[in-house]
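Examining the three-dimensional arrangement
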Amino acid sequence: MADIDEAQWIAWYQSLEKPLYNVAYRWLWDAAESQDVVQEAFLRCWRIRDRIEPDTFKALIYRTTLRLASNRVRRRKLWRFVSFAGSDRDAGEQGDDDVLAAGALRRALAGVAEPLRQVLVLSELVGLSYKEIAEIMRITEGTVGSRRHRAIAELKTRLRAMGVRWNEN
Amino acid sequence: MKIDREAIFAELEPPPGGPARLRAKLRSAGAPPPARAWWLGPVAVVVIAAVAIFAFRLFPDSEPAAETDSLMTAAAFDRLLGRDSAPYAISVRRGPDPVAVSELETRDPNVRLFHLEPVSGADDTPESAAP
């Protein structure tokens, strides 16, 4: 992709910003930081654009975003700056029960093992196919399916333990 | 308390102005890196040269140390310090002619006896004999 220009790159960013932002947000729970992670991923890929194949770009940008978001969470833990304020602030306009549910959801999701959470967010939130997730995470489609199943089961268990019932409808 | 599946994975809108911020970041990433201090190279060369000159002046060569070693192992020092003499090779000349030297056995380890004999046999008295 050596011939790609800035305008084309920005157009790709615009088409992928929302799903990537939503993925990053489920790790960081902070709007500004999540957007910053997505932009950092695009910036890093821009620097190596002459070595990127167009077919693999989507998987690469998702993988980079996930890795950057995960690294930031680890850094936060390292510096003991974990804060649960973001989710509640973003859900501030909702009712009391919704606020509690959002906080519980966030804690429950954070407790799900990272490989399972990645599959869960990519499949349920972004709506990627098993094949696409397998390509992003470099695992087989069968593993994607089993991880998704385990992630949902674990999330339900954690929510139940917090007094929140998962409503399928 | 209940939570809907849709609520769990509700899509959120990213903050506005993302493309403009990314454009600015791309442009700053594409800008040439700040100029390096051009004077660092010449200064480094001068410093290295000064250190080398100082080192050569401080240690011009190793001959004095060699001379000291030689002096310290000389027979005169052995006698001065009361050390046992090393079995130095003896060479004697009578004028230009060499004299044959052979060491004789003694019962006192502090005494060494030599038998001198002119090689060409002109005179029996040696001109010099030094251990």
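Conventions used here
Residues numbered from 1 in each chain as written. Chains lettered and ligands numbered in written order. Predicted model: local features only at pLDDT ≥ 70, side-chain atom pairs only at ≥ 80, totals over all residues. Helix = DSSP H or I, 4+ residues; strand = E, 2+ residues; numbered from the N terminus. Buried ≥ 20, exposed ≤ 12 C-beta atoms within 10 Å, placed from the backbone. Contact = placed C-beta atoms within 7 Å. Axes fitted to C-alpha atoms, helices over the stretch in contact; angles between N-to-C directions. Parallel < 35°, antiparallel > 145°, perpendicular 65-115°, else oblique. Left-handed = near helix turned anticlockwise from the far one by under 90°. Nonpolar A, V, L, I, M, F, W, Y, C, P; charged D, E, K, R; others polar. Pairing = 2+ DSSP bridges. Expected span 1.5 Å × (residues − 1). Arc of directions from axis to C-beta. Bend = angle between axes of the 7 residues up to and from the residue. pLDDT = per-residue confidence, 0-100.

Right, let's talk about the overall build of chain A for a bit. Scanning chain A for helices and strands turns up 8 helices and 1 strand. The 169 residues of chain A split such that 31% are buried. For chain A, the share of sequence-separated contacts (at least 6 apart) that also reach a separation of at least 24 residues comes to 63%.

The next subject is the overall build of chain B. Along its length, chain B carries 5 helices and 4 strands. The buried share of chain B, reckoned over its 131 residues, is 5%. Within chain B, contacts between residues at least 6 apart in sequence are counted, and of these 31% link residues at least 24 apart.

For the rest of this paragraph, the subject is the packing of helix α6 (residues 114-125) of chain A against helix α7 (residues 130-137) of chain A. All names here are of chain A. The geometry of α6 relative to α7 is characterised by a closest axis approach of 10 Å and an angle of 140° between their N-to-C directions. As summarised for this structure, α6 and α7 are arranged oblique, according to the angle between their axes. Crossing of α6 over α7 shows right-handed handedness. In this structure, α6 uses Q118, V119, L122 and S123 to contact α7, whose residues at the interface are I133, I136 and M137. Considering only residue class, the contact of α6 with α7 consists of 5 nonpolar, 2 polar and no charged.

This paragraph deals with the packing of α6(A) against helix α8 (residues 141-161) of chain A. All names here are of chain A. It is at 8 Å that the axes of α6 and α8 come closest, and there the two elements cross at 95°. Considered as vectors, α6 and α8 are oriented roughly perpendicular to each other. Contacts from P115, L116, R117, V119, L120 and S123 of α6 reach α8 at V144, R147, R148, R150, A151, I152, E154 and L155. The residue inventory of the contact of α6 with α8, partitioned by class, reads 8 nonpolar, 1 polar and 5 charged.

Regular strands have side chains that alternate between both faces of the sheet. Residues and elements named next belong to chain B. Pairing of strand β2 (residues 92-94) with strand β3 (residues 97-104) involves 3 bridges; the strand directions are antiparallel. Considered in β3, the bridge of R94 is made with D97. As defined by bridge partners, β3 adjoins strand β4 (residues 113-118) across 6 bridges and the pair is classed as antiparallel. When the bridges of β4 are listed, L104 appears paired with L113.

Turning our eyes to something else, we now look at α8(A). For an α-helix the count is 3.6 residues per turn, leaving residues at separations of three or four pointing the same way. Residues and elements named next belong to chain A. Taking 1.5 Å of rise per residue, 21 residues should cover 30 Å, and α8 covers 30 Å from first to last C-alpha, within 8% of that figure. When α8 is considered as a whole, its buried residues turn out to be V144, R147, A151, L155 and L159. The buried side chains of α8 occupy one side of the element, clustering within an arc of 95° when seen end-on. Exposed and facing more than 90 degrees away from the buried side of α8 are G142, A153, R160 and A161.

With that settled, the discussion passes to unusual backbone geometry. Residue and element names in this part refer to chain A. Even without glycine at this site, W29 takes up a positive phi of about 55°. With respect to the helices, strands and loops of the structure, W29 is situated in the loop between α1 (6-28) and α2 (31-47). The phi angle at R138 is positive, at roughly 60°, despite the residue not being glycine. Inspection of the secondary structure assignment puts R138 in the loop between α7 and α8.

All names here are of chain B. Taken together, the 3 strands give an open sheet; going across it, the order is β2-β3-β4, and neighbouring strands pair in antiparallel fashion. Whereas interior strands pair on both sides, the edge strands pair on one side only; in this sheet they are β2 and β4. Between one strand axis and the next, the sheet turns through 35° on average, direction left out of account.

We now examine α1(A). Residues and elements named next belong to chain A. Its 23 residues give α1 an end-to-end C-alpha distance of only 28 Å, which falls more than 12% under 33 Å, the value for a rise of 1.5 Å per residue. E17 marks the point of greatest bend in α1, at about 50°, and the proline P19 comes within the next four residues. Two residues or fewer past α1, W29 is found with a positive phi of approximately 55°.

Attention now moves to the environment of A:A134. All names here are of chain A. Tracing the chain through its elements places A134 in helix α7. Separated by 15 residues in the primary sequence, A134 and V119 have C-alpha atoms spaced 8.9 Å apart. Once residues within four sequence positions are removed from consideration, A134 is found in contact with I139, T140, E141 and V144.

Low-confidence regions, as indicated by low pLDDT, have predicted coordinates that should not be scrutinised in detail. Residues and elements named next belong to chain B. Mean pLDDT for chain B: 75, with 65% of residues reaching 70 or above. Confidence, read as mean pLDDT per element, is least for helix α4 (residues 63-72) in chain B (62) and greatest for helix α2 (residues 18-30) (87). Every residue in residues 124-131 is under pLDDT 50, and counting partners more than four places away or in other chains gives 15 contacts. At the level of chain-chain contacts, confidence expressed as ipTM amounts to 0.71, with global pTM at 0.56.

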